Amino acid sequence: MNYLPLTPTGQTPIRALTIAGTDSGGGAGIQADSRTMAMCGVHACVAVAAVTVQNSVGVSGFHEIPPETVAAQVRCVVEDIGVSAAKTGMLASTAIIEAVAQVCTEVGIGRDGSIPLVVDPVCASMHGDPLLHAEALDAVRNTLIPIASLVTPNLDEVRLITGIEVVDDATARRAAEALHALGAQWSMVKGGHLRSSTSSTDLLFDGDAFHEFTSPRIDTGNDHGGGDTLAAAVTCALANGYAMPDAVAFGKEWVTKCLEASYDLGAGHGPVSPLWRLDPKNA
């Protein structure tokens, strides 16, 4: 695949920011985002929005960070270090979503700013455990998605946000249109959870044209953190100045490689792995 350019040793690399929750099992969340960014040659800055209690078999609880603290993390990083792109993950509550939207607008992050924002609207873990209070769905629809340069829900999140059950190409297109209508500059409907298909097709929509990105379906149950990894890789490409379709193409290829390299961990679902990049044959 075509890798993102690496900064020469000793020089300041491109920076990106992830605003999300932790994963104590290390497979998803801020851990997956930071791993992906590092492997893409990007310096990862973080704003922790929630701390989860989870392992490979599920999430047993989470603690929300005070909204003003989440916003302060974003503000202090952007004002001092500067970032070229940002993403969101688990934001947990209406109050945190509102604080993040406000500070992002303040510092120029989002579809109307100079810093692109990838919104991964995390609602539940892959095990079905809630990672967002039910009443916060309206804030996702009306406050978070409208500032997104790109929104990247999985099919369960698509159903929760739009009410559309994606079962084929036609419903995927309807869902992409519905997501775009909420205000995102670009919407993406990911096909990874459409298990009935032999391939995985992601659909990107800008309000005018559709772009399709298809890869073979990887036969593995170790796909924890796949959505985070895809969104983080797209964020890295945007930070490098890629146009949105090219950034999504990079992210799609990256997460496919990570699925191929996924590994067993604990008694449940293992993580997708960007560590394939360290294999000498991939140099």
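So, here is what we can say about the structure in this document. As the structure is a prediction and not an experimental result, all values here were calculated from the model.

**Considerations on the overall build of the chain**
Working step 1: A tally of regular secondary structure across the chain gives eight helices and nine strands.
Working step 2: Whereas a compact globule of 283 residues would reach a radius of gyration of roughly 19 Å, the chain reaches 17 Å, a difference of no more than 12%.
Working step 3: Taking the principal axes of its C-alpha atoms as reference, the chain extends roughly 50 × 45 × 40 Å.
Working step 4: For the chain, restricting intrachain contacts to residue pairs at least 6 apart in sequence, the fraction spanning at least 24 positions comes to 68%.

**Some words on the packing of helix α5 (residues 155-162) against helix α6 (residues 169-181)**
Working step 1: Where α5 meets α6, the axes come as close as 10 Å, and the angle between the chain directions of the two elements is 55 degrees. In terms of orientation, α5 and α6 fall into the oblique class. The element α5 and its partner α6 pack so that their crossing is left-handed. Between α5 and α6, the contacting residues are Val 158, Ile 161 and Thr 162 on the first element and Ala 175, Ala 178 and Leu 179 on the second.
Working step 2: Taken together, the residues of the contact of α5 with α6 break down into five nonpolar, one polar and no charged.

**Things to note about the sheet that holds strand β7 (residues 186-189)**
Working step 1: As summarised here, the arrangement of the nine strands in space is β3-β2-β1-β4-β5-β6-β7-β8-β9, forming an open sheet in which the pairing is mixed. At either margin of the open sheet sits one strand with a lone partner, and together these are β3 (58-64) and β9 (210-216).
Working step 2: Inspection of the sheet shows strand β2 (residues 43-55) paired to β3 by six bridges, in the antiparallel sense. When the bridges of β3 are listed, Val 51 appears paired with His 63.
Working step 3: Against the sheet, α6 makes contact with β6 (150-151), β7, β8 (199-205) and β9, and its axis sits at roughly 150 degrees relative to β7, the strand it touches most.
Working step 4: Lying on the sheet, helix α8 (residues 244-260) is in contact with β6, β7, β8 and β9; it crosses β9 at an angle near 15 degrees.

**Re the packing of aromatic side chains**
Working step 1: Tallied over the entire structure, the rule returns five aromatic pairs.
Working step 2: A centroid spacing of 6.5 Å and a plane angle of 70 degrees characterise the contact between Tyr 242 and Phe 250, whose relative ring orientation is edge-to-face.
Working step 3: Of the aromatic side chains, those joined through ring pairs into one cluster are Tyr 3, Tyr 242, Phe 250, Trp 254 and Trp 276.
Working step 4: Sitting over the ring of Phe 210, Arg 173 keeps its end group 4.5 Å from the ring centre.
Working step 5: For the cation-ring pair, Arg 277 lies above Tyr 3, with the distance from its terminal atom to the ring centre recorded as 3.7 Å.

**Thoughts on the packing of helix α3 (residues 94-107) against helix α4 (residues 137-144)**
Working step 1: At a minimum axis separation of 9 Å, α3 and α4 run at an interaxial angle of 10 degrees. Comparing the axis directions of α3 and α4 gives the class roughly parallel. Listed contacts from α4 to Thr 94, Ile 97, Glu 98 and Ala 101 of α3 are Ala 139, Val 140, Thr 143 and Leu 144.

**Some details on the nonpolar core**
For soluble globular proteins, nonpolar side chains are generally found buried alongside one another.
Working step 1: In terms of nonpolar packing, the biggest core is built from 56 residues, with Leu 17, Ile 19, Val 74, Ile 109 and Val 189 touching the most fellow members.
Working step 2: A total of eight residues in this core trace back to one element, the largest contributor, which is α3.

**What about unusual backbone geometry?**
Working note: non-glycine residues mostly have negative phi, and peptide bonds are mostly trans.
Working step 1: A positive phi angle, near 75 degrees, is found at Ala 92, a position not held by glycine.
Working step 2: Structurally, the position occupied by Ala 92 is in the loop between β4 (85-88) and α3.

**Some thoughts on the pairing of β8**
Working step 1: Here β8 lies mainly inside the structure; five of its seven residues are buried.
Working step 2: With three bridges connecting them, β7 and β8 associate as antiparallel partners. When the bridges of β8 are listed, Met 188 appears paired with Leu 204.
Working step 3: Bridge analysis of β8 against β9 gives seven bridges, and the strand direction is antiparallel. When the sheet's bridge partners are listed, Ser 200 is paired in β9 with Ser 215.

**Some details on the pairing of strand β1 (residues 15-21)**
Working step 1: With six of seven residues buried, β1 lies mostly within the body of the structure.
Working step 2: Here seven bridges tie β1 to β2, and the two strands are oriented parallel to one another. Within β2, the position partnered with Ile 19 by the bridge is Ala 47.
Working step 3: With respect to chirality, the unit in which β1 leads through helix α1 (residues 29-39) into the neighbouring parallel β2 is right-handed.
Working step 4: When β1 meets β4, the two strands line up parallel, connected through four bridges. Opposite Ile 19, over in β4, you have Thr 88 as the bridge partner.

Conventions used here
- Residues numbered from 1 in each chain as written.
- Predicted model: local features only at pLDDT ≥ 70, side-chain atom pairs only at ≥ 80, totals over all residues.
- Heavy atoms only, no water.
- Helix = DSSP H or I, 4+ residues; strand = E, 2+ residues; numbered from the N terminus.
- Rg over C-alpha atoms; globule rule 2.2 N^0.38 Å.
- Contact = heavy atoms within 4.5 Å.
- Axes fitted to C-alpha atoms, helices over the stretch in contact; angles between N-to-C directions.
- Parallel < 35°, antiparallel > 145°, perpendicular 65-115°, else oblique.
- Left-handed = near helix turned anticlockwise from the far one by under 90°.
- Nonpolar A, V, L, I, M, F, W, Y, C, P; charged D, E, K, R; others polar.
- Pairing = 2+ DSSP bridges.
- Phe/Tyr/Trp six-rings, centres within 6.5 Å; stacked < 30°, edge-to-face > 60°.
- Lys NZ or Arg CZ within 6 Å of the ring centre and 35° of its normal.
- Core = buried A, V, L, I, M, F, W, Y, C linked by side-chain atoms within 4.5 Å.
- Buried < 20%, exposed > 50% of the residue type's maximum accessible area, 1.4 Å probe, protein only.
- Right-handed = clockwise from strand over helix to strand, strands pointing away.

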